[in-house]
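What the coordinates show
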Amino acid sequence: MSRIGTKLITLPSGTTLTQSENVLEFNGAKGQTVMTLHPKASIEINESTVKINRLGDDRLARSIHGLTRMLVANAVEGVTNGFTKKVEMHGIGYRAETTGDKLTLSVGFTHPVIIEAPSGITFSIEKNTL
């Protein structure tokens, strides 16, 4: 039995999950997303929890079980909190700074690397020292 696939997914308040046949629709504070459920998996939706079940015990069904659970959990996280990526820079001479919507990285090249943020994405630097 999959250890990941058997874990329940908690739906935070303000997040809804609806199912119509094999299409799952997630709605939350940060937006909405749609996901197609694999035919070897089924889903049980309660008021605040979601359980993923597998249909069959063959190799494909077992592998889809954990994958489906993680895809559903990530979709719930995305519509609730959004996506964040934290990067740590270690070493001497590495530096990052933000100016407006641009991120300037000094990471060992002869020139600084400047990255412009696409719409809807923000950069932030927590601390810039060791």
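Summary of the structure given here. (Residues numbered from 1 in each chain as written. Predicted model: local features only at pLDDT ≥ 70, side-chain atom pairs only at ≥ 80, totals over all residues. Heavy atoms only, no water.)

1. Details of the sheet that holds strand E7 (residues 95-99)
Applied cut-off: At least two DSSP bridges between two strands are needed for those strands to be called paired. Helical segments are the DSSP runs of H or I of at least four residues, strand segments are the runs of E of at least two, and each set is numbered from the N terminus. All axes here are fitted lines through C-alpha atoms, helices being fitted over the stretch that makes contact, and every angle between N-to-C directions spans 0 to 180 degrees.
One open sheet accounts for three strands, arranged E7-E8-E9; its pairing is antiparallel. Edge positions in the sheet fall to E7 and strand E9 (113-116), since each of these pairs with one other strand and no more. In this sheet, adjacent strand axes meet at a mean angle of 20 degrees when their direction is disregarded. As judged from the four bridges shared by strand E8 (residues 102-106) and E9, these two strands associate in the antiparallel manner. In the strand pairing of E9, Leu105 is matched with Val113.

2. What about the pairing of strand E6 (residues 49-54)?
Summarising the sheet, strand E1 (residues 9-10) and E6 pair through two bridges and their orientation is antiparallel. Bridging across to E6, Thr10 finds its partner in Thr49. As defined by bridge partners, strand E5 (residues 41-45) adjoins E6 across five bridges and the pair is classed as antiparallel. Considered in E6, the bridge of Ser42 is made with Asn53. Hairpin connection between E5 and E6: a loop of three residues separates the two successive antiparallel strands.

3. Quick look at the pattern of salt bridges
Short version of the rule: Note on definitions: salt bridges are taken to be side-chain nitrogens of Lys or Arg within 4 Å of carboxyl oxygens of Asp or Glu. Buried residues are those whose accessible area, probed at 1.4 Å on protein chains only, stays under 20% of the maximum for their type, while exposed residues exceed 50% and partly exposed ones sit between those limits.
Summed over all chains, the structure comprises three salt bridges. Close ionic contact of Asp57 with Arg54 constitutes a salt bridge, the shortest N to O distance being 2.9 Å. Note on Arg54: relative accessible area 19%, which makes it buried.

4. Some points on the side chain of Thr80
The condition that has to hold: What qualifies as a polar contact is a pair of N or O atoms within 3.5 Å, subject to a donor-acceptor requirement within protein and to the restriction that residues adjacent in sequence count only when both atoms come from side chains. The contact rule is simple, with two residues in contact once any of their heavy atoms fall within 4.5 Å.
Residue placement: Thr80 occurs in helix H1 (residues 59-80). Residue classification places Thr80 among the buried positions, given a relative accessible area of 18%. A polar side-chain atom of Thr80 sits 3.0 Å from a polar atom in the side chain of Thr15. Polar side-chain contacts of Thr80 include one of 2.7 Å to the backbone oxygen of Val76. In this structure Thr80 touches Pro12, Thr15, Ala29 and Lys30, once residues within four positions along its chain are discounted.

5. Here we look at the sheet that holds strand E4 (residues 31-36)
If you walk across this open sheet you meet the three strands as E2-E3-E4, and the pairing is antiparallel. Since the sheet does not close on itself, it has two edges, and those belong to strand E2 (16-20) and E4, each with one partner. Going across the sheet, the axis of each strand differs from the next one's by a mean of 15 degrees, ignoring polarity. Inspection of the sheet shows strand E3 (residues 23-28) paired to E4 by six bridges, in the antiparallel sense. Each bridged residue has a counterpart across the sheet, and for Glu25 the counterpart in E4 is Val34.

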